[in-house]
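# Descriptive analysis of the structure
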Amino acid sequence: MTALPTFSLNDGHTLPALGFGTWRVAGEEAEEEVRSALAAGYRLIDTAASYGNEREVGTAVAGSGVPREQVLVTSKLRGADQGYDAALRGFERTLGALGLDRLDLHLIHWPLPARDLYVDSWRALIRLREEGAVRSIGVSNFTAAHLDRIIGETGVVPAVNQIELHPGFVQEEMRAANAERGIVTESWGPLGRGKGLLEAPEVRAVADAHGVSPAQAVLRWQHQLGVLPLPKSADPQRQRDNLDVAGFTLTGEEMARLGSLPQRRLGGDPDTHEE
Ligand SMILES: NC(=O)c1ccc[n+]([C@@H]2O[C@H](COP(=O)([O-])OP(=O)(O)OC[C@H]3O[C@@H](n4cnc5c(N)ncnc54)[C@H](OP(=O)(O)O)[C@@H]3O)[C@@H](O)[C@H]2O)c1
């Protein structure tokens, strides 16, 4: 399998071209999925305090046989832990649940602007990075206004902004906003959560033209947009397929075709979403 180039972050670190998502899986299932994803070759695992599976993710990483320094683990600060002191305490719980002595990437999960605690939470993440407890820090579901506020008040630019992004929600403005600020865009729900998007005739046609699956076509589209997708799959064969998107290139016309599907958010609106 050809390897895709890594992403360079604004803090001097790198991330793999593609990571593995773990939302909505818990218990033994989560452990098994992460173990097989690591065996398939994933080296970036995305979890969150609110997923309730950090313990299982940590167990899978520890038991995978992959050296710790080769696996990058992302977690996210949940809404209940926003605020400076609460974010520090929330981070300790995350690290304890994962069984790690250092986290690779920590994100503020949602801005929750009505609570107005995301700047204080960001200051806590900055401290954790300064102390070496976290390698890289970033945000998720932040708009350009949220980004400008934390950057303006702290002078620290997030390394990553993880946002909903797939052909059914192409996020052209947010991709540009992230890029202008030197922030890598990670995509959640990159497969549009599976059903529907992967059955769309436009997606199937592009996939068929390259002899790949609809999921591979969609992930390749994101790669060519300069986005880092985090597909989730319980199925070991799909896990491998989703990682195998380096061997073909979409034409400009195919990129445009995948980007012109009807647009609709699947998840929350960052300005109003509450956790
Ligand atoms: N920051 C945030 O607010 C946020 C929000 C949501 C998600 N996330 C992160 O982003 C990750 C990905 O998003 P997601 O899990 O919502 O959705 P997703 O990755 O877009 O889609 C997952 C769905 O697609 C199916 N699937 C995977 N590979 C496939 C393939 N090759 N062919 C056909 N179907 C396939 C999976 O089914 P099987 O499992 O049966 O293969 C699953 O039902 C999450 O797991 C989480 O880590 C972050």
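Along each chain, residues carry numbers from 1 onward, in the same order as the chain's sequence is written. In view of the model being predicted, local features appear only for residues whose pLDDT reaches at least 70, and side-chain atom pairs are presented and counted only at 80 or more, with totals across whole chains, interfaces and linings using the full set of residues. To obtain the side-chain values, all non-hydrogen atoms of the structure were included, while hydrogens and water were left out.

In the annotation of an unreviewed UniProt entry, the entry for the protein reads Aldo/keto reductase, and the organism field reads Georgenia daeguensis. You can read under Sequence similarities (unreviewed entry) in the UniProt record for the protein the words "Belongs to the aldo/keto reductase family." UniProt positions are given in the numbering used here, feature names are shortened, and annotations may be inferred rather than shown by experiment.

## Digging into the pattern of salt bridges
Every case where a carboxyl oxygen of Asp or Glu lies within 4 Å of a side-chain nitrogen of Lys or Arg is listed as a salt bridge. Counted under the stated rule, the structure contains 15 salt bridges. Here D104 and R68 are joined by a salt bridge, their closest N and O atoms 3.0 Å apart. Taken together, the positions of D104 in strand β6 (residues 103-108) and R68 in the loop between α2 (54-62) and β5 (72-77) put the pair 36 residues apart, joining distant regions of the chain. The partly exposed category is assigned to R68, whose relative accessible area is 24%. Taking the shortest distance from any N to any O, the salt bridge between R149 and D116 comes out at 2.8 Å. Highlighted residues: R149 in helix α5 (residues 144-154) and D116 in the loop between β6 and α4 (118-130), separated in sequence by 33 residues. A cluster of three or more residues bridged by salt bridges with shared partners is formed by D116, R123, R149 and E153. By the criteria applied, helices consist of DSSP H or I runs no shorter than four residues and strands consist of E runs no shorter than two, each listed in order from the N terminus. For every residue, the accessible area (1.4 Å probe, protein chains only) is compared with the maximum for its type, and the residue is labelled buried under 20%, exposed over 50%, or partly exposed between those bounds.

## Brief notes about the layout of surface pockets
A cavity here means a set of points on a 1 Å grid, drawn over the protein atoms and nothing else, where a 1.4 Å probe fits but cannot get out; a pocket is an open set with protein on both sides within 12 Å along at least five of seven lines, and a residue lines either one if it has an atom within 4 Å of a point. Grid points are joined across faces, edges and corners, and a volume is the space filled by probe spheres set on the points. The calculated volume of the largest pocket comes to roughly 1000 Å³. Taken together, 39 residues form the lining of the largest pocket, with W23, G189, R193, G194 and K232 sitting closest to its centre. Looking at the lining of the largest pocket element by element, the count peaks at three residues for helix α9 (residues 236-243).

## Observations regarding the UniProt feature "domain: NADP-dependent oxidoreductase" (unreviewed entry) in the protein
Within this numbering scheme, the UniProt entry marks residues 18-259 as carrying the feature "domain: NADP-dependent oxidoreductase" (unreviewed entry). Between the first and last C-alpha atoms of residues 18-259 the distance is 20 Å; the span itself is 45% helix and 15% strand.

## Re the site of the ligand
Put simply, a residue is near a molecule or strand once any heavy atom of it comes within 4 Å of that molecule or strand. Neighbouring the ligand are 27 residues; D46, L191, S233, A234 and R238 lie closest to it. Under the rule applied, a polar contact is a pair of N or O atoms within 3.5 Å (in protein, one hydrogen donor and one hydrogen acceptor; residues adjacent in sequence only if both atoms are side-chain atoms). Between the ligand and Q162 there is a distance of 2.9 Å, counted from a nitrogen atom to a side-chain nitrogen or oxygen. Computed with the Shrake-Rupley method and a 1.4 Å probe, the accessible areas treat only the protein chains shown as cover for residues. Notes on the ligand: free accessible area 900 Å², of which the protein chains cover 86%. If you map the ligand onto the pockets, it falls in the largest pocket. What decides whether a molecule sits in a cavity or pocket is whether more than half of its atoms lie within 2 Å of the grid points.

## Details of the nonpolar core
As used in this record, nonpolar core signifies buried Ala, Val, Leu, Ile, Met, Phe, Trp, Tyr and Cys residues forming a set joined through side-chain atoms within 4.5 Å. Core analysis: the largest hydrophobic core is formed by 69 residues, its most contacted members being Y42, I45, L103, W122 and I150. If sequence neighbours within four positions are ignored, I45 has contacts with F20, T22, V34, L38, V57, V71, L72, V73 and T74. One finds F7, L44, L107 and V160 within the second-largest nonpolar core, a separate group that totals twelve residues. Should any heavy atoms of two residues lie within 4.5 Å, those residues are considered in contact.

## A word on the packing of helix α1 (residues 27-40) against α9
Viewed as axis vectors pointing N to C, α1 and α9 meet at an angle of 45 degrees, and their least axial separation amounts to 9 Å. Here α9 runs oblique to α1, going by the angle between their axes. You can see that α1 and α9 cross each other, and the crossing is right-handed. For the pair α1 and α9, the contacting residues are E33, S36, A37 and A40 in the first and P236, Q239, R240 and L243 in the second. To define axes, lines are fitted to C-alpha atoms, for helices over the stretch in contact only, and angles between the resulting N-to-C directions are given on a 0 to 180 degree scale. Convention used here: angles under 35 degrees read as roughly parallel, angles over 145 as roughly antiparallel, angles from 65 to 115 as roughly perpendicular, and any remaining angle as oblique. A clockwise turn of the near helix away from the far one marks a right-handed crossing, whereas an anticlockwise turn of less than a right angle marks a left-handed crossing.

## Examining the packing of aromatic side chains
Between rings of Phe, Tyr and Trp, where Trp is taken as its six-membered ring, a pair exists when centres lie within 6.5 Å; planes separated by under 30 degrees are stacked, by over 60 edge-to-face, and by other angles tilted. Applying the stated rule across the entire model yields three aromatic pairs. Centroid distance F20 to Y42: 5.1 Å. Interplanar angle 65 degrees. Geometry classified as edge-to-face. Note that F20 is positioned in strand β3 (residues 20-21) and Y42 in the loop between α1 and β4 (44-46), a separation of 22 residues in sequence. Judged on exposure class, the residue F20 and its partner Y42 are both buried. Ring centres 6.4 Å apart and planes at 65 degrees place the aromatic pair W110 and W188 in the edge-to-face group. Here W188 lies in strand β9 (residues 184-188) and W110 lies in the loop between β6 and α4, a separation of 78 residues in the sequence. Accessibility expressed as a relative area gives 7% for W110, which makes it buried. When its relative accessible area of 14% is taken as the criterion, W188 is described as buried. The rule for a charge over a ring is simple: NZ of Lys or CZ of Arg within 6 Å of the ring centre, and within 35 degrees of the ring normal. If you follow R24 out to its NZ or CZ, it ends over the ring of W23, 4.0 Å from the centre. Residue placement shows R149 over the ring face of Y118; its charged tip is 5.4 Å from the ring centre.

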